[in-house]
Amino acid sequence: MARAVQRLLAIQNALTDHPVSHDQKVDKFILPDGAVMTAKADSVSPTNLVHIDGLVVCEYRLLDQTAQLVISAVGTQFENTASHVPSFQVIEILPSSSSPQASRNDISVKDMWATVYALFTLYHNQETIPVVLSQTINNSEDLRSYLLRSGLGRTAHAPTASKKEIYLQRATFWQGAGTRGYHTRGWLPPSSFSIAPFPYIQSFTRTPTVIAAHPLRPPKPKPGETLFRRFCPSIGETLEFTYFDLGDGSGNSEHLDSFHRWHNQERVNKAWGERGSLEKHRAYITEVANDPAVLPVIMSWNGEPMGYAEITYLKENHVAPYISGGAGAWDRSLHVLVGEDKFRGAERTTTWHRALIHYCFLADSRTENVMGEPKADNASIIKVEFDSAMHIATIFDFPYKRSVLACVPRERFFRLDVL
(Lines give C-alpha, C1' and ligand atoms only; values in the text may rest on other atoms or scores of the structure.)
Protein backbone atom coordinates (compact mmCIF):
# COMPACT_ATOMS: atom_id res chain seq x y z
CA MET A 1 0.00 0.00 0.00
CA ALA A 2 2.84 2.40 0.80
CA ARG A 3 4.30 2.01 -2.70
CA ALA A 4 0.88 2.63 -4.23
CA VAL A 5 0.56 5.84 -2.22
CA GLN A 6 4.02 6.93 -3.36
CA ARG A 7 3.05 6.45 -7.01
CA LEU A 8 -0.19 8.38 -6.56
CA LEU A 9 1.79 11.21 -4.99
CA ALA A 10 4.21 11.16 -7.93
CA ILE A 11 1.29 11.53 -10.35
CA GLN A 12 -0.15 14.33 -8.23
CA ASN A 13 3.19 16.14 -8.18
CA ALA A 14 3.43 15.88 -11.96
CA LEU A 15 0.10 17.67 -12.29
CA THR A 16 0.74 20.36 -9.68
CA ASP A 17 2.07 23.90 -10.14
CA HIS A 18 5.78 24.00 -9.29
CA PRO A 19 8.34 26.79 -9.55
CA VAL A 20 11.26 26.70 -11.95
CA SER A 21 13.38 23.58 -11.65
CA HIS A 22 16.43 23.96 -9.41
CA ASP A 23 18.30 20.96 -10.81
CA GLN A 24 17.78 21.40 -14.56
CA LYS A 25 19.88 24.19 -16.04
CA VAL A 26 20.07 25.18 -19.67
CA ASP A 27 23.83 25.45 -19.74
CA LYS A 28 25.89 23.99 -22.59
CA PHE A 29 22.74 22.19 -23.67
CA ILE A 30 23.36 20.32 -26.94
CA LEU A 31 20.46 20.60 -29.38
CA PRO A 32 19.73 17.65 -31.69
CA ASP A 33 21.48 19.33 -34.63
CA GLY A 34 24.67 19.80 -32.58
CA ALA A 35 24.19 23.48 -31.78
CA VAL A 36 24.98 24.43 -28.17
CA MET A 37 22.38 26.41 -26.24
CA THR A 38 22.60 28.33 -22.98
CA ALA A 39 19.82 30.29 -21.29
CA LYS A 40 20.79 32.49 -18.38
CA ALA A 41 19.87 35.72 -16.64
CA ASP A 42 21.53 38.99 -17.56
CA SER A 43 23.70 40.26 -14.69
CA VAL A 44 22.19 43.77 -14.63
CA SER A 45 18.54 43.26 -15.61
CA PRO A 46 15.71 40.74 -15.16
CA THR A 47 16.05 39.75 -18.81
CA ASN A 48 17.20 36.21 -19.66
CA LEU A 49 19.33 35.63 -22.74
CA VAL A 50 19.12 32.59 -25.00
CA HIS A 51 22.48 31.86 -26.63
CA ILE A 52 22.92 29.37 -29.47
CA ASP A 53 26.49 28.70 -30.56
CA GLY A 54 27.60 31.84 -28.74
CA LEU A 55 25.07 34.22 -30.31
CA VAL A 56 22.11 35.72 -28.47
CA VAL A 57 19.11 34.67 -30.57
CA CYS A 58 16.42 36.13 -28.31
CA GLU A 59 15.61 37.27 -24.80
CA TYR A 60 12.77 36.59 -22.41
CA ARG A 61 11.52 38.03 -19.14
CA LEU A 62 8.91 37.10 -16.57
CA LEU A 63 6.03 39.55 -16.40
CA ASP A 64 4.22 40.58 -13.26
CA GLN A 65 1.07 38.69 -14.25
CA THR A 66 -0.21 35.14 -14.41
CA ALA A 67 -2.46 33.30 -16.83
CA GLN A 68 -4.60 30.21 -16.54
CA LEU A 69 -5.75 27.92 -19.36
CA VAL A 70 -9.30 27.01 -18.39
CA ILE A 71 -10.94 24.54 -20.78
CA SER A 72 -13.72 22.27 -19.51
CA ALA A 73 -15.10 24.87 -17.10
CA VAL A 74 -15.73 27.37 -19.91
CA GLY A 75 -19.44 27.96 -20.31
CA THR A 76 -20.23 26.66 -16.81
CA GLN A 77 -20.70 28.35 -13.45
CA PHE A 78 -17.09 27.40 -12.61
CA GLU A 79 -15.47 29.30 -15.48
CA ASN A 80 -14.16 32.13 -13.29
CA THR A 81 -13.56 30.05 -10.15
CA ALA A 82 -11.59 27.07 -11.50
CA SER A 83 -8.86 27.33 -8.88
CA HIS A 84 -7.86 23.70 -9.46
CA VAL A 85 -6.41 24.70 -12.84
CA PRO A 86 -2.87 25.99 -12.24
CA SER A 87 -1.92 29.58 -13.04
CA PHE A 88 1.56 30.32 -14.33
CA GLN A 89 3.61 33.47 -14.69
CA VAL A 90 3.49 34.97 -18.18
CA ILE A 91 6.78 35.14 -20.09
CA GLU A 92 7.48 37.78 -22.73
CA ILE A 93 9.78 36.78 -25.59
CA LEU A 94 11.81 39.60 -27.12
CA PRO A 95 14.34 39.94 -29.96
CA SER A 96 18.02 40.01 -29.18
CA SER A 97 19.31 43.44 -28.27
CA SER A 98 22.96 42.49 -28.64
CA SER A 99 23.44 40.09 -31.57
CA PRO A 100 24.63 41.12 -35.05
CA GLN A 101 21.03 40.58 -36.22
CA ALA A 102 19.64 43.11 -33.78
CA SER A 103 18.80 45.54 -36.58
CA ARG A 104 16.47 42.96 -38.08
CA ASN A 105 14.75 42.18 -34.78
CA ASP A 106 13.61 38.78 -35.96
CA ILE A 107 13.80 35.22 -34.61
CA SER A 108 14.09 32.20 -36.89
CA VAL A 109 11.61 29.34 -36.58
CA LYS A 110 14.29 26.85 -35.49
CA ASP A 111 15.57 29.31 -32.85
CA MET A 112 12.00 29.81 -31.66
CA TRP A 113 11.66 26.05 -31.23
CA ALA A 114 14.97 25.96 -29.35
CA THR A 115 13.71 28.73 -27.06
CA VAL A 116 10.58 26.70 -26.32
CA TYR A 117 12.91 23.76 -25.59
CA ALA A 118 14.86 25.92 -23.14
CA LEU A 119 11.66 27.02 -21.39
CA PHE A 120 10.33 23.48 -21.03
CA THR A 121 13.70 22.38 -19.68
CA LEU A 122 13.69 25.13 -17.06
CA TYR A 123 9.96 24.95 -16.31
CA HIS A 124 9.44 21.24 -17.01
CA ASN A 125 6.94 20.88 -14.17
CA GLN A 126 4.51 23.21 -15.93
CA GLU A 127 1.99 21.62 -18.28
CA THR A 128 1.63 25.00 -20.00
CA ILE A 129 3.82 28.10 -20.29
CA PRO A 130 1.90 31.27 -21.15
CA VAL A 131 3.97 33.54 -23.40
CA VAL A 132 3.49 36.77 -25.29
CA LEU A 133 5.55 37.74 -28.31
CA SER A 134 6.91 41.26 -28.11
CA GLN A 135 5.71 43.53 -30.91
CA THR A 136 9.35 44.56 -31.33
CA ILE A 137 9.98 41.16 -32.96
CA ASN A 138 9.89 41.95 -36.65
CA ASN A 139 8.35 38.60 -37.59
CA SER A 140 6.13 38.22 -34.52
CA GLU A 141 3.04 37.41 -36.59
CA ASP A 142 4.89 34.68 -38.48
CA LEU A 143 6.11 33.21 -35.18
CA ARG A 144 2.63 33.39 -33.70
CA SER A 145 1.27 31.53 -36.72
CA TYR A 146 4.03 28.93 -36.38
CA LEU A 147 3.31 28.30 -32.69
CA LEU A 148 -0.43 27.96 -33.24
CA ARG A 149 -0.50 26.08 -36.54
CA SER A 150 2.13 23.57 -35.44
CA GLY A 151 0.26 22.82 -32.20
CA LEU A 152 3.12 24.01 -30.00
CA GLY A 153 0.73 26.50 -28.44
CA ARG A 154 -2.92 27.46 -28.22
CA THR A 155 -4.86 30.54 -27.18
CA ALA A 156 -7.38 30.78 -24.37
CA HIS A 157 -10.39 28.50 -24.79
CA ALA A 158 -13.02 30.98 -23.64
CA PRO A 159 -14.42 33.04 -26.57
CA THR A 160 -14.31 36.26 -24.55
CA ALA A 161 -10.82 35.74 -23.10
CA SER A 162 -7.73 37.60 -24.27
CA LYS A 163 -6.03 35.92 -27.23
CA LYS A 164 -2.76 37.76 -26.69
CA GLU A 165 -1.21 35.01 -24.57
CA ILE A 166 -0.11 31.81 -26.28
CA TYR A 167 -0.11 28.80 -23.98
CA LEU A 168 2.85 26.62 -24.94
CA GLN A 169 1.92 23.00 -24.31
CA ARG A 170 4.38 20.55 -22.80
CA ALA A 171 2.50 17.52 -24.17
CA THR A 172 2.56 18.68 -27.79
CA PHE A 173 6.15 19.96 -27.57
CA TRP A 174 7.44 16.52 -26.56
CA GLN A 175 5.32 14.93 -29.29
CA GLY A 176 7.46 16.80 -31.81
CA ALA A 177 5.12 19.69 -32.61
CA GLY A 178 6.86 22.40 -34.59
CA THR A 179 9.68 20.18 -35.91
CA ARG A 180 8.87 17.95 -38.87
CA GLY A 181 8.14 20.14 -41.89
CA TYR A 182 9.36 23.32 -40.18
CA HIS A 183 13.10 22.77 -39.58
CA THR A 184 15.67 20.00 -39.11
CA ARG A 185 16.57 20.61 -35.46
CA GLY A 186 14.22 17.97 -33.99
CA TRP A 187 15.01 14.71 -32.18
CA LEU A 188 14.49 12.67 -35.36
CA PRO A 189 17.35 13.59 -37.70
CA PRO A 190 16.24 14.35 -41.26
CA SER A 191 16.12 11.24 -43.46
CA SER A 192 13.83 9.49 -45.91
CA PHE A 193 12.89 7.15 -43.04
CA SER A 194 11.47 9.93 -40.84
CA ILE A 195 10.12 12.37 -43.41
CA ALA A 196 6.44 11.42 -42.93
CA PRO A 197 4.25 8.60 -41.59
CA PHE A 198 4.16 5.65 -43.96
CA PRO A 199 0.80 5.43 -45.81
CA TYR A 200 -1.65 2.70 -44.91
CA ILE A 201 -2.18 -0.38 -47.05
CA GLN A 202 -2.86 -3.86 -45.75
CA SER A 203 -0.22 -6.58 -45.56
CA PHE A 204 -0.16 -10.05 -44.01
CA THR A 205 2.14 -12.21 -41.89
CA ARG A 206 2.01 -15.99 -41.60
CA THR A 207 4.58 -17.80 -39.41
CA PRO A 208 4.44 -20.78 -37.03
CA THR A 209 3.42 -18.39 -34.21
CA VAL A 210 1.61 -15.56 -36.04
CA ILE A 211 -1.27 -15.28 -38.49
CA ALA A 212 -2.22 -11.61 -38.81
CA ALA A 213 -3.37 -8.90 -41.17
CA HIS A 214 -1.65 -5.60 -40.48
CA PRO A 215 -0.41 -2.42 -42.19
CA LEU A 216 2.49 -2.70 -44.62
CA ARG A 217 5.60 -1.59 -42.73
CA PRO A 218 8.05 0.96 -44.16
CA PRO A 219 11.41 -0.12 -45.63
CA LYS A 220 14.22 -0.24 -43.07
CA PRO A 221 16.64 2.69 -42.53
CA LYS A 222 20.14 2.61 -43.94
CA PRO A 223 22.68 0.65 -41.83
CA GLY A 224 24.21 2.97 -39.24
CA GLU A 225 21.56 5.66 -39.75
CA THR A 226 20.80 7.72 -36.63
CA LEU A 227 17.10 7.48 -35.78
CA PHE A 228 16.92 9.57 -32.60
CA ARG A 229 19.18 12.01 -30.80
CA ARG A 230 18.50 13.85 -27.54
CA PHE A 231 20.73 15.53 -24.98
CA CYS A 232 19.81 14.40 -21.46
CA PRO A 233 20.56 17.15 -18.89
CA SER A 234 20.38 14.83 -15.88
CA ILE A 235 23.20 12.74 -17.39
CA GLY A 236 25.03 15.53 -19.23
CA GLU A 237 25.40 13.35 -22.33
CA THR A 238 23.65 12.82 -25.66
CA LEU A 239 21.64 9.63 -26.16
CA GLU A 240 21.44 8.22 -29.68
CA PHE A 241 19.56 5.33 -31.28
CA THR A 242 21.20 4.04 -34.46
CA TYR A 243 19.95 1.40 -36.88
CA PHE A 244 22.13 -1.70 -36.58
CA ASP A 245 25.06 -1.76 -39.01
CA LEU A 246 26.30 -5.27 -39.86
CA GLY A 247 29.06 -3.90 -42.08
CA ASP A 248 29.69 -4.72 -45.72
CA GLY A 249 30.10 -8.45 -45.12
CA SER A 250 33.87 -8.46 -45.60
CA GLY A 251 34.60 -8.08 -41.91
CA ASN A 252 33.08 -7.27 -38.55
CA SER A 253 31.42 -4.03 -37.53
CA GLU A 254 31.52 -2.10 -34.27
CA HIS A 255 27.85 -2.89 -33.75
CA LEU A 256 28.27 -6.63 -34.32
CA ASP A 257 31.42 -6.80 -32.19
CA SER A 258 29.59 -5.13 -29.31
CA PHE A 259 26.49 -7.29 -29.73
CA HIS A 260 28.61 -10.47 -29.75
CA ARG A 261 30.60 -9.45 -26.68
CA TRP A 262 27.49 -8.45 -24.74
CA HIS A 263 25.64 -11.71 -25.39
CA ASN A 264 28.60 -13.72 -24.12
CA GLN A 265 28.39 -12.02 -20.74
CA GLU A 266 26.69 -14.14 -18.10
CA ARG A 267 24.40 -11.30 -17.02
CA VAL A 268 23.06 -10.72 -20.53
CA ASN A 269 22.88 -14.41 -21.42
CA LYS A 270 20.77 -15.08 -18.33
CA ALA A 271 18.12 -12.71 -19.67
CA TRP A 272 18.38 -13.32 -23.42
CA GLY A 273 19.84 -16.84 -23.76
CA GLU A 274 21.70 -16.00 -26.96
CA ARG A 275 25.29 -16.86 -26.00
CA GLY A 276 27.23 -18.09 -29.01
CA SER A 277 29.66 -17.51 -31.85
CA LEU A 278 30.09 -14.41 -33.94
CA GLU A 279 28.45 -16.17 -36.88
CA LYS A 280 25.45 -17.09 -34.74
CA HIS A 281 25.01 -13.44 -33.82
CA ARG A 282 25.50 -12.28 -37.40
CA ALA A 283 22.74 -14.69 -38.46
CA TYR A 284 20.52 -13.47 -35.60
CA ILE A 285 20.80 -9.81 -36.63
CA THR A 286 20.39 -10.69 -40.31
CA GLU A 287 17.12 -12.44 -39.51
CA VAL A 288 15.89 -9.52 -37.40
CA ALA A 289 16.90 -6.99 -40.05
CA ASN A 290 14.93 -8.99 -42.64
CA ASP A 291 11.80 -8.93 -40.48
CA PRO A 292 9.71 -5.90 -41.54
CA ALA A 293 8.15 -5.71 -38.07
CA VAL A 294 11.36 -5.36 -36.05
CA LEU A 295 13.81 -2.45 -35.83
CA PRO A 296 17.20 -3.51 -34.38
CA VAL A 297 18.83 -0.51 -32.71
CA ILE A 298 22.15 0.23 -31.03
CA MET A 299 21.90 2.68 -28.15
CA SER A 300 24.87 4.92 -27.33
CA TRP A 301 25.95 7.66 -24.96
CA ASN A 302 28.03 10.38 -26.64
CA GLY A 303 28.63 8.01 -29.54
CA GLU A 304 29.82 5.06 -27.41
CA PRO A 305 27.66 1.93 -27.83
CA MET A 306 26.07 0.86 -24.57
CA GLY A 307 23.10 -1.37 -25.39
CA TYR A 308 20.77 -2.96 -27.90
CA ALA A 309 17.01 -2.67 -28.44
CA GLU A 310 14.43 -4.29 -30.66
CA ILE A 311 11.46 -2.07 -31.43
CA THR A 312 8.65 -4.31 -32.65
CA TYR A 313 5.23 -3.79 -34.16
CA LEU A 314 2.78 -5.70 -31.96
CA LYS A 315 0.07 -6.45 -34.50
CA GLU A 316 2.14 -9.19 -36.15
CA ASN A 317 3.96 -10.28 -32.98
CA HIS A 318 3.34 -13.43 -30.93
CA VAL A 319 2.36 -11.20 -27.98
CA ALA A 320 -0.74 -9.90 -29.80
CA PRO A 321 -3.12 -12.74 -28.79
CA TYR A 322 -2.55 -11.92 -25.12
CA ILE A 323 -3.59 -8.26 -25.49
CA SER A 324 -7.18 -7.71 -24.41
CA GLY A 325 -9.03 -6.14 -27.33
CA GLY A 326 -6.10 -6.85 -29.64
CA ALA A 327 -3.02 -4.84 -30.58
CA GLY A 328 -3.32 -1.50 -32.31
CA ALA A 329 -2.16 -1.36 -35.93
CA TRP A 330 0.83 0.86 -35.04
CA ASP A 331 1.43 -0.08 -31.41
CA ARG A 332 5.02 -1.04 -30.54
CA SER A 333 6.86 -3.15 -27.98
CA LEU A 334 10.41 -3.02 -26.61
CA HIS A 335 13.08 -5.65 -25.91
CA VAL A 336 16.25 -4.18 -24.46
CA LEU A 337 19.64 -5.01 -23.02
CA VAL A 338 22.42 -2.85 -21.56
CA GLY A 339 25.74 -4.39 -22.46
CA GLU A 340 28.26 -2.02 -20.85
CA ASP A 341 28.41 -2.19 -17.07
CA LYS A 342 29.60 1.41 -16.77
CA PHE A 343 26.32 2.58 -18.33
CA ARG A 344 24.12 0.71 -15.88
CA GLY A 345 22.40 2.43 -12.97
CA ALA A 346 18.93 3.71 -12.14
CA GLU A 347 19.23 7.21 -13.59
CA ARG A 348 20.66 6.16 -16.95
CA THR A 349 18.21 3.25 -17.21
CA THR A 350 15.19 5.42 -16.56
CA THR A 351 16.46 7.96 -19.09
CA TRP A 352 17.04 5.56 -22.01
CA HIS A 353 13.85 3.62 -21.30
CA ARG A 354 11.73 6.76 -21.43
CA ALA A 355 13.63 7.86 -24.53
CA LEU A 356 12.80 4.59 -26.32
CA ILE A 357 9.12 5.16 -25.60
CA HIS A 358 9.53 8.77 -26.73
CA TYR A 359 11.02 7.59 -30.01
CA CYS A 360 8.17 5.13 -30.65
CA PHE A 361 5.58 7.88 -30.26
CA LEU A 362 7.59 10.38 -32.33
CA ALA A 363 8.21 7.93 -35.17
CA ASP A 364 4.49 7.61 -35.96
CA SER A 365 1.69 9.76 -34.58
CA ARG A 366 -0.67 6.78 -35.03
CA THR A 367 1.12 4.78 -32.33
CA GLU A 368 -1.22 4.87 -29.33
CA ASN A 369 0.50 2.42 -26.96
CA VAL A 370 4.00 1.16 -26.22
CA MET A 371 4.25 -2.15 -24.37
CA GLY A 372 6.71 -4.51 -22.77
CA GLU A 373 6.38 -8.15 -21.69
CA PRO A 374 9.16 -8.93 -19.17
CA LYS A 375 9.21 -12.01 -17.01
CA ALA A 376 6.74 -11.65 -14.16
CA ASP A 377 9.53 -12.12 -11.61
CA ASN A 378 11.83 -9.48 -13.16
CA ALA A 379 11.19 -6.87 -10.48
CA SER A 380 13.95 -4.50 -11.64
CA ILE A 381 12.68 -3.99 -15.19
CA ILE A 382 9.06 -3.82 -14.01
CA LYS A 383 10.08 -0.97 -11.69
CA VAL A 384 11.73 0.79 -14.64
CA GLU A 385 8.50 0.42 -16.60
CA PHE A 386 6.47 1.83 -13.71
CA ASP A 387 8.86 4.80 -13.59
CA SER A 388 8.14 5.38 -17.29
CA ALA A 389 4.40 5.75 -16.54
CA MET A 390 3.57 2.18 -17.59
CA HIS A 391 0.96 0.04 -15.88
CA ILE A 392 0.46 -3.72 -15.76
CA ALA A 393 -2.38 -4.54 -18.12
CA THR A 394 -2.35 -8.27 -17.40
CA ILE A 395 -0.26 -11.28 -16.41
CA PHE A 396 -0.09 -14.13 -18.90
CA ASP A 397 1.78 -17.32 -19.79
CA PHE A 398 3.85 -17.85 -22.90
CA PRO A 399 4.67 -21.53 -23.53
CA TYR A 400 8.13 -20.82 -22.07
CA LYS A 401 7.66 -18.09 -19.42
CA ARG A 402 5.17 -16.14 -17.32
CA SER A 403 5.10 -12.47 -18.30
CA VAL A 404 3.48 -9.22 -17.35
CA LEU A 405 2.09 -7.02 -20.10
CA ALA A 406 3.19 -3.47 -19.27
CA CYS A 407 1.63 -0.62 -21.23
CA VAL A 408 1.86 3.15 -21.50
CA PRO A 409 -0.73 5.05 -23.59
CA ARG A 410 0.41 8.07 -25.60
CA GLU A 411 -1.89 10.47 -23.74
CA ARG A 412 -0.57 9.52 -20.30
CA PHE A 413 3.10 9.51 -21.33
CA PHE A 414 2.99 13.05 -22.66
CA ARG A 415 0.59 14.42 -20.07
CA LEU A 416 2.94 13.55 -17.21
CA ASP A 417 6.34 15.15 -16.63
CA VAL A 418 8.55 12.18 -17.55
CA LEU A 419 10.86 13.77 -20.12
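Re the sheet that holds strand β12 (residues 237-243)
The 8 strands are arranged β11-β12-β13-β14-β15-β16-β18-β17 in an open sheet whose pairing can be described as mixed. The open sheet has two free edges, formed respectively by β11 (226-232) and β17 (391-397), since each of these has just one partner strand. Ignoring strand direction, the axes of neighbouring strands in this sheet form an average angle of 25 degrees. Pairing between strand β14 (residues 304-313) and strand β15 (residues 332-338): 7 bridges, direction antiparallel. Its bridge partner lying in β15, G307 is registered against V338. This element, helix α9 (residues 379-387), spans β16 (369-372), β17 and β18 (402-409) of the sheet and lies at about 145 degrees to β17.

Describing the packing of helix α2 (residues 109-122) against helix α3 (residues 140-149)
Interhelical geometry of α2 versus α3 gives an angle of 60 degrees and a closest axis separation of 11 Å. By the angle between their axes, α2 is oblique relative to α3. Seen along the crossing, α2 lies across α3 with a hand that is right-handed. Across the interface between the two elements, V109, M112, W113 and V116 of α2 pack against L143, Y146 and L147 of α3. Here the contact of α2 with α3 is composed, by residue class, of 7 nonpolar, no polar and no charged.

Description of helix α5 (residues 254-263)
Within α5, the full set of buried residues consists of H255, L256, S258, F259, W262 and H263. In a view along the axis of α5, the buried residues occupy a sector of 165 degrees, so they form one face of it. Tucked into the core, α5 has its buried residues touching β12, α6 (266-272), α7 (278-289), β13 (294-301), β14 and β15.

Focus on the pairing of strand β4 (residues 55-68)
With 5 bridges joining them, strand β3 (residues 48-52) and β4 adopt antiparallel strand pairing. Looking across to β4, one finds that L49 is bridged to E59. In this antiparallel pair of consecutive strands, β3 and β4, the connection spans 2 residues, and D53 shows a positive phi of 50 degrees.

Overview of the pairing of β18
Counting buried positions along β18 gives 6 out of 8 residues, so the element sits mostly inside the fold. Relative to β18, β16 is paired through 4 bridges, and the arrangement is antiparallel. The residue of β18 that forms the bridge with G372 is A406. The pairing of β17 with β18 spans 6 bridges and is antiparallel. Looking across to β18, one finds that H391 is bridged to C407. Counted between consecutive antiparallel strands, the loop separating β17 from β18 contains 4 residues.

Brief notes about helix α8 (residues 346-363)
With 18 residues, α8 extends 26 Å from end C-alpha to end C-alpha; this agrees with the ideal 26 Å at 1.5 Å per step. Among the 18 residues that make up α8, 14 are buried, leaving the element largely enclosed by the rest of the structure.

Let's talk about empty space enclosed by the protein
Tallying each qualifying case throughout the model produces 2 cavities of 30 Å³ or more. Considering only enclosed or pocket space, the largest cavity measures out at about 60 Å³ in volume. Around the largest cavity sit F193, R217, P218, K220, P292, A293, V294, L295, I311, Y313 and R332, which together line it. The set of elements that each furnish at least two residues to the lining of the largest cavity consists of β13 and β14. Its residues placed into classes, the lining of the largest cavity shows 8 nonpolar, no polar and 3 charged. Secondary structure elements with two or more residues in the lining of the second largest cavity: α4 (170-174) and α10 (410-415). Its residues assigned to classes, the lining of the second largest cavity comprises 6 nonpolar, no polar and 2 charged.

Remarks on the packing of α5 against α7
Two measures define how a pair of helices packs: the angle their axes make with one another and the distance between the axes. α7 packs onto α5 with a crossing angle of 115 degrees between their chain directions and a minimal axis gap of 10 Å. Put simply, α5 runs roughly perpendicular to α7. In this structure, the crossing between α5 and α7 has a hand that is right-handed. The segment α5 lies against α7, with L256, D257, F259, H260 and H263 engaging L278, H281, R282, Y284 and I285. Among the residues forming the contact of α5 with α7, the class breakdown is 5 nonpolar, 3 polar and 2 charged.

Reading the values: the criteria
Residues numbered from 1 in each chain as written. Predicted model: local features only at pLDDT ≥ 70, side-chain atom pairs only at ≥ 80, totals over all residues. Heavy atoms only, no water. Pairing = 2+ DSSP bridges. Helix = DSSP H or I, 4+ residues; strand = E, 2+ residues; numbered from the N terminus. Axes fitted to C-alpha atoms, helices over the stretch in contact; angles between N-to-C directions. Contact = heavy atoms within 4.5 Å. Parallel < 35°, antiparallel > 145°, perpendicular 65-115°, else oblique. Left-handed = near helix turned anticlockwise from the far one by under 90°. Nonpolar A, V, L, I, M, F, W, Y, C, P; charged D, E, K, R; others polar. Buried < 20%, exposed > 50% of the residue type's maximum accessible area, 1.4 Å probe, protein only. Arc of directions from axis to C-beta. Expected span 1.5 Å × (residues − 1). 1 Å grid on protein atoms, 1.4 Å probe; cavity = no way out; pocket = protein on both sides within 12 Å on 5 of 7 lines; lining within 4 Å. Points joined across faces, edges and corners; volume = space filled by probe spheres on them.

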